[in-house]
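# Structure at a glance
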Amino acid sequence: MKSPVRPATRLVLVRHGESQVTVDRVIGGYRTCSGLSELGREQSGRLRDRLSNTGELEGGVLIASNFSRALETARIFGPAMGTAEPIQIAGFGEHDPGPDLDGATFAAYVEKFGSPNFGGDPHFDVFPGGETVAAFHLRVGSALSQVLDEQAGELIVVSCHGGVVDAIFRQLLRTAPTGIFDLWTTNTSITEFVLSSDSASRDQRWRLVRYNDAAHLAGLRRATNESAAHETSSTTSSTTSSKTTGTVVDNQA
């Protein structure tokens, strides 16, 4: 007798809208995150309008990290899913810089420690007193495993961060934990994975359906500090060698 085939699990990752800490050029961990910028709220509103029109995420389970920027994003687009309030799971938070560096300026960090290399040894203390890349990946992976177990066969939508998208992308597709490639995840973009619905399979594999789907942002400016961001990226190019974490890198913060 065949085992019943359960519906496929859909995992959708939504990167938060542009954060105020990115505009202010500071490292924004969960302690000092000040939510979205004006542009970030506009981006999130664009996503809400898209989802209202398409219904593509309707009825999903909505989860958000404990960072203000991820929660605010989820609360803006959540009603288009039919969800009043997201479930908060701290495990989906961005790389923790630790209490000493949380809230420090990007410039002060680089002046003291130099440009970080997130694509190197995952056990190196990129943020002294904070999480290593290895610890960050373990935390995100643990949160993901629990959610996938509890919500198997459901549409799961997680409002999270660029670094979290990178970590989950690498884990589900079984790629190198650091380096090899870069992900430049756009604010409020949609990334979707689907797990095989064949419950009899011993080696179920995830399929990447879409990455960085941000069609709803067409015609909208990319970033509040776009010219400044370009200048910074040219002077701290090694900082962007891997998008494993984003508390220092504009693309992830």
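To keep things clear, this report deals only with the structure shown in the data block.

So, how was this worked out
- Residues numbered from 1 in each chain as written.
- Predicted model: local features only at pLDDT ≥ 70, side-chain atom pairs only at ≥ 80, totals over all residues.
- Heavy atoms only, no water.
- Phe/Tyr/Trp six-rings, centres within 6.5 Å; stacked < 30°, edge-to-face > 60°.
- Helix = DSSP H or I, 4+ residues; strand = E, 2+ residues; numbered from the N terminus.
- Buried < 20%, exposed > 50% of the residue type's maximum accessible area, 1.4 Å probe, protein only.
- Lys NZ or Arg CZ within 6 Å of the ring centre and 35° of its normal.
- Lys, Arg positive; Asp, Glu negative; His and termini not counted.
- Salt bridge = Lys/Arg side-chain N within 4 Å of Asp/Glu carboxyl O.
- Polar contact = N/O pair within 3.5 Å; in protein donor to acceptor, adjacent residues only side chain to side chain.

Moving on: the packing of aromatic side chains. Counting across every chain of the model gives seven aromatic pairs. Between the aromatic rings of phenylalanine 169 and tyrosine 211, the centroid separation amounts to 5.9 Å while the plane-to-plane angle is 70 degrees, which identifies the pairing as edge-to-face. Of the two residues, phenylalanine 169 sits in helix 6 (residues 162-172) while tyrosine 211 sits in strand 6 (residues 206-213), which places them 42 residues apart along the sequence. The buried category is assigned to phenylalanine 169, whose relative accessible area is 10%. Grouping aromatic residues by their ring pairs yields a cluster made of Tyr109, Phe113, Phe118 and Phe127. Just above the ring of phenylalanine 181 sits the side chain of arginine 170; from NZ or CZ to the centre is 4.1 Å.

Moving on, we come to the side chain of arginine 15. Inspection of the secondary structure puts arginine 15 in strand 1 (residues 9-15). The side chain of arginine 15 sits in the buried core without any salt bridge; glutamate 94 is the nearest counter-charge, 6.5 Å away. Reaching out from arginine 15, the side chain makes a polar contact with the backbone oxygen of threonine 185 at a distance of 2.7 Å.

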